[in-house]
Amino acid sequence: MTVLPNGDLLPCRRMPVSVGNLKKKHLAELYYTSDFFRDLRDRRRISRGCENCFYQKLCRGGLKCLSYAVYGSPFRADPGCWRADPDA
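Residues numbered from 1 in each chain as written. Predicted model: local features only at pLDDT ≥ 70, side-chain atom pairs only at ≥ 80, totals over all residues. Heavy atoms only, no water.

Here the focus is the overall build of the protein. Looking only at helices and strands, one finds four helices and two strands in the protein. The order of α-helices and β-strands along the protein, N terminus first, is β-β-α-α-α-α. Along the first, second and third principal axes, the C-alpha set of the protein runs to 40 × 25 × 15 Å. Counting the 88 residues in the protein, one finds 35% classified as buried. Look at the contacts in the protein between residues 6 or more apart in sequence, and 33% of them connect residues 24 or more apart. Carbon and sulfur atoms provide 53% of the accessible area of the protein, an area that totals close to 6,000 Å². Positive and negative side-chain charges in the protein, numbering 16 and 9 respectively, have mean positions lying 5 Å apart. (Helix = DSSP H or I, 4+ residues; strand = E, 2+ residues; numbered from the N terminus. Buried < 20%, exposed > 50% of the residue type's maximum accessible area, 1.4 Å probe, protein only. Contact = heavy atoms within 4.5 Å. Areas by Shrake-Rupley, 256 points an atom, 1.4 Å probe, with all protein chains shown as cover. Lys, Arg positive; Asp, Glu negative; His and termini not counted. Charge placed at Lys NZ, Arg CZ, Asp CG, Glu CD.)

Following this line, the structure appears as structure tokens:
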């Protein structure tokens, strides 16, 4: 997680998605109640492109911030993964 000088909380310094502001809410509240954080933690959610991968439950789609940067969604397979289906 990253905290910006204005108090905004981001899931990663490389994923510019604010999930709230620490000047307005406690860290635990943002972490546990944010839909975005909840979706990132959801072990049942399989990243698109990883559906047929043997390791999908272990790696859970790889580097979420890189997927966000390349595809605009952290719920796509890591673009650096050699096992991912790029056409999914």
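Let us now look at the environment of G7. Tracing the backbone shows G7 in the loop between strand 1 (2-3) and strand 2 (9-10). Taking the C-alpha atoms as reference points, G7 and L22, 15 residues apart in sequence, are found 5.0 Å from one another.

Listed in full, the 10 residues of the largest apolar core are L9, M15, V17, V19, L30, F36, F37, L40, C65 and F75. It is helix 2 (residues 35-41) that contributes the most residues to this core, three residues altogether. (Core = buried A, V, L, I, M, F, W, Y, C linked by side-chain atoms within 4.5 Å.)

This part takes up helix 4 (residues 64-71). Two residues of an α-helix separated by three or four positions point the same way, owing to the 3.6 residues in each turn. When we look at burial in helix 4, the residues that qualify are K64, C65 and S67. Each buried residue of helix 4 sits inside an arc of 160° when the element is viewed along its axis, so together they form one side. Contacts from the buried residues of helix 4 go to helix 2. A positive backbone phi angle near 85° is found at G72, which sits one or two residues after helix 4. (Arc of directions from axis to C-beta.)

With the rule as written, the count across this model stands at three salt bridges. Among the ionic pairs, R38 bridges to D35, the shortest N-O distance being 3.0 Å. With R38 and D35 both in helix 2 and three residues apart, this pair spans about one turn of that helix. Salt-bridge contacts for R44 lead to D42; the nearest nitrogen and oxygen are separated by 3.2 Å. The exposure class of D42 is partly exposed, given its relative accessible area of 23%. (Salt bridge = Lys/Arg side-chain N within 4 Å of Asp/Glu carboxyl O.)

A word on the packing of aromatic side chains. Tallied over the full model, the rule gives four aromatic pairs. On the basis of an interplanar angle of 45° and a centroid distance of 5.3 Å, the ring pair of Y31 and F37 is categorised as tilted. According to the relative accessible area criterion, Y31 is partly exposed, its value standing at 25%. A centroid spacing of 5.1 Å and a plane angle of 90° characterise the contact between F54 and Y55, whose relative ring orientation is edge-to-face. (Phe/Tyr/Trp six-rings, centres within 6.5 Å; stacked < 30°, edge-to-face > 60°.)

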